Amino acid sequence: MSDQRRSSFPQVFENEITDFTISPFSEKLLTFHSGFLMAAAISYYGTAAAASMRGDLALSCENR
């Protein structure tokens with residue numbers, strides 16, 4: 001293997017792993033991010049249903 005291809009491999013992250021038991025991020029931040037991602041997923045689902053050419057598709061999803 002050439003030196004250029006060998007240098008493109010990712011480095012080993014063993015020194016990045018620690019044995020800390022305390023999260024570096026607050027629970028409030030994690031809750032905000034998970035809520036934001038859930039809201040984005042729901043809005044994408046709604047946008048896809050609204051943009052669909054099939055009218056029966058949105059109706060069948062509402063009946064479940």
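As the structure is a prediction and not an experimental result, all values here were calculated from the model. (Residues numbered from 1 in each chain as written. Predicted model: local features only at pLDDT ≥ 70, side-chain atom pairs only at ≥ 80, totals over all residues. Heavy atoms only, no water.)

Novice: Go over the overall build of the protein chain with me, naming the residues and quoting the values.
Specialist: Helix and strand counts for the protein chain come out as three helices and zero strands. Secondary structure elements of the protein chain, listed N to C terminal, follow the sequence α-α-α. Taken over 64 residues, the protein chain has a buried fraction of 2%. Within the structure as shown, the protein chain displays about 6600 Å² of accessible surface, and the carbon and sulfur contribution to it stands at 63%. (Helix = DSSP H or I, 4+ residues; strand = E, 2+ residues; numbered from the N terminus. Buried < 20%, exposed > 50% of the residue type's maximum accessible area, 1.4 Å probe, protein only. Areas by Shrake-Rupley, 256 points an atom, 1.4 Å probe, with all protein chains shown as cover.)

Novice: An account of a nonpolar patch on the surface is requested, with residue identities and associated values reported.
Specialist: Taken together, the side chains of F25, L29, L30, F32, F36 and L37 define a hydrophobic patch exposed on the protein surface, amounting to about 650 Å² of accessible area. Take L37: its relative accessible area is 57%, and that puts it in the exposed class. (Patch = residues over 30% accessible without salt bridge, like charges linked within 9 Å, V, L, I, M, F, W, Y side chains within 5 Å. Salt bridge = Lys/Arg side-chain N within 4 Å of Asp/Glu carboxyl O.)

Novice: Can you break down the confidence of the model for the protein chain residue by residue, with the values?
Specialist: Overall, the predicted model of the protein chain reaches an average pLDDT of 78, with 70% of residues at or above 70. Per-residue pLDDT, averaged within each element of the protein chain, yields its smallest value for helix α1 (residues 3–7) (57) and its largest for helix α2 (residues 27–51) (92). (pLDDT = per-residue confidence, 0-100.)

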